Each structure stands twice: as C-alpha cells, then as structure tokens.
Amino acid sequence: MIAYLTGEVLEVKEDAVILVCGGVGYEVNMAKSSAQELEAGRQAALYIAESISPYDGTVLYGFLSKEDKELWTLFKTAIPNTGAKKALEFLNKALRSVADFHAAIIKRDPKILTGIFGFTAKTAEKLIASLKDKMDAVSVQGSSKIKVLDDAPYMSGVLEALEALGYSAAESRRAIEQLYNEGIQPDDKIEHIIKEALRVLKK
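Explain helix H6 (residues 121-131) to me, using residue names and the numbers behind them.
Three or four residues apart is the spacing at which side chains of an α-helix point the same way, because the helix has 3.6 residues per turn. Those residues of H6 that sit buried are Thr 123, Ala 124, Leu 127, Ile 128, Ser 130 and Leu 131. Contacts from the buried residues of H6 go to helix H2 (66-78), helix H3 (84-94), helix H4 (98-107) and helix H5 (110-115).

Explain the pairing of strand E3 (residues 24-29) to me, using residue names and the numbers behind them.
In the sheet, strand E2 (residues 16-21) pairs with E3 via 6 bridges, with the strands oriented antiparallel. In the strand pairing of E3, Ala 16 is matched with Asn 29. Remark: 2 residues form the turn of the hairpin made by E2 and E3, two consecutive strands paired antiparallel; Gly 22 in that turn has positive phi of roughly 60 degrees. The pairing of E3 with strand E5 (residues 57-63) spans 2 bridges and is classified as parallel. Residue pairing for E5: Asn 29 is matched across the bridge by Tyr 61.

Please set out unusual backbone geometry residue by residue, giving values where relevant.
Unlike most non-glycine residues, Asn 81 shows phi in positive territory, near 60 degrees. Assignment of secondary structure puts Asn 81 in the loop between H2 and H3. Relative accessible area serves as the criterion here: at 77%, Asn 81 is assigned to the exposed category. If you check the backbone angles, Arg 108 has positive phi at about 55 degrees while not being a glycine. Position of Arg 108 relative to the elements: it lies in the loop between H4 and H5. On the basis of relative accessibility, which here comes to 47%, the residue Arg 108 falls in the partly exposed class.

Tell me what's going on with the sheet that holds E5, and back it up with residues and numbers.
Strand order in the closed barrel formed by 5 strands is E1-E2-E3-E5-E4, with mixed pairing between adjacent strands. Neighbouring strand axes in the sheet, compared pairwise and without regard to direction, differ in orientation by 55 degrees on average. The strands touched by H2 within the sheet are strand E4 (43-53) and E5, with E4 carrying the most contacts at an inclination of about 15 degrees. Contacts from H3 reach E3, E4 and E5, with the element oriented near 15 degrees to E5.

How would you sum up the confidence of the model for the protein? Please name residues and give values.
Residues of the protein with pLDDT of at least 70 account for 90%, and the chain-wide mean is 86. Here helix H8 (residues 169-182) stands out as the element of the protein with the lowest mean pLDDT, 75, in contrast to E2, whose mean of 98 is the highest.

I'd like a description of the packing of H2 against H3, backed by residues and values.
Remark: H2 packs on H3, axes separated minimally by 8 Å, with the N-to-C direction vectors making an angle of 130 degrees. One way to sum up the angle between H2 and H3 is to call them oblique. Of the two possible hands of crossing, H2 and H3 adopt the one that is right-handed. For the pair H2 and H3, contact is made by Asp 68, Leu 71, Trp 72, Phe 75 and Lys 76 and by Ala 84, Ala 87, Leu 88, Phe 90, Leu 91 and Ala 94, respectively. Residues belonging to the contact of H2 with H3 are distributed by class as follows: 9 nonpolar, no polar and 2 charged.

Residues and numbers for the pattern of salt bridges, please.
Evaluated as defined, the whole model comprises 4 salt bridges. One salt bridge connects Lys 86 with Glu 89, and the closest N-O pair in it is separated by 3.1 Å. Placement of both Lys 86 and Glu 89 in helix H3 is noted, with a separation of 3 residues, approximately one turn of the helix. For Glu 89, a relative accessible area of 45% puts it in the partly exposed group.

Rules of the game
- Residues numbered from 1 in each chain as written.
- Predicted model: local features only at pLDDT ≥ 70, side-chain atom pairs only at ≥ 80, totals over all residues.
- Heavy atoms only, no water.
- Buried < 20%, exposed > 50% of the residue type's maximum accessible area, 1.4 Å probe, protein only.
- Helix = DSSP H or I, 4+ residues; strand = E, 2+ residues; numbered from the N terminus.
- Contact = heavy atoms within 4.5 Å.
- Pairing = 2+ DSSP bridges.
- Axes fitted to C-alpha atoms, helices over the stretch in contact; angles between N-to-C directions.
- pLDDT = per-residue confidence, 0-100.
- Parallel < 35°, antiparallel > 145°, perpendicular 65-115°, else oblique.
- Left-handed = near helix turned anticlockwise from the far one by under 90°.
- Nonpolar A, V, L, I, M, F, W, Y, C, P; charged D, E, K, R; others polar.
- Salt bridge = Lys/Arg side-chain N within 4 Å of Asp/Glu carboxyl O.

Set out below in structure tokens:
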C-alpha cells in the first residue's frame, strides 16, 4: 500500500495533481485548496491514502500533512454514507480553518458550519451528530482564523441579505471574512456591515 510519495509535480488540475516519482506519474486526487498550493515543476511530498473504486480501480488521495489525512479518514469512516470523494469535499471546506471547524463541532454550533464553511444546514447537523464525540482525538494545526458568529449572532442575516442581492454564498462569506480582517467590529449595525460587504464585493 502506498502511504507517502515525493516527486516533481507534472501537472496541477482543479482537484488533483500528477506527481512523477521515479519516472512514474501518479494521478493523486486532492482537496481543491491543497492542490492549488502546489506548482508544476516543483517538488512535492504527499501523504497518500488508497481507495478501491468499482469503476476506476485503485484511486490515490493525497494530503499535505498527516493531520489532513487523519481528518479525511475520520470523515470517511465516521460520517454515514460518505465515500472517499465526499470526504475530500468535506475536507476542502474544513481546511479553511481546521481550528475553527474543530471548535464548531465541539460546541455543536451549526451556525459556524453553515455561515463560514458553507455546509448546508442538513449537512452541518449530520457532521455534528457524527463527529461530536470523535473530534477530541483529531490533531489541530494552527490557531483560529475566522471570527466566529458568536460575536455577531445576526451575521447569518447579513449572508442572507447578500445572497438575496445575487451574490453567491462563497462570495458573501469571503467578503465578510475580509471585513473581519480589516477590523470591522462585531457590534456594528447590520446595515453598516452589509454596506461595507457590498463595497468589498464591487471591487
């Protein structure tokens, strides 16, 4: 079983890379955010997991760290009806801030999972139910990156307002994260936050 590969990145796709090791090119599926950290022509080292597909045979999944691989494995084994690719989609969202994702599960707070990480309400509840007693065993890298919704309980209303104006959920969340990075205060009036978010979105 392949557990680790090092080599030159031949090609970076949206959610996969081709890694050349000892003259052999391996196609390795990855979380989109992780794949985009790699660059063709550069060396890369990936932790690897194998999965057997009835259609494609052995499929490789790659991770930038051992902790990422552990989290993907947890998603795949602990969440009902979650295969390797779905687990990779969950990981891609969680990697925005593993520390905040971990905290959201421990606190059993679906607002953070939906408002910041972009999970649907149904999926957020499913994640909490499946992982609430297992997250303590997960290694957490880095510190909190995202201002949690506890500081501004109405932030979900800001997201809904922006989406009603035609912006996607992802665009809306990025705008709000940028405002937090700029130092916007969580006790600002909701009208002001919406106005500032629109300023960011129109750039």
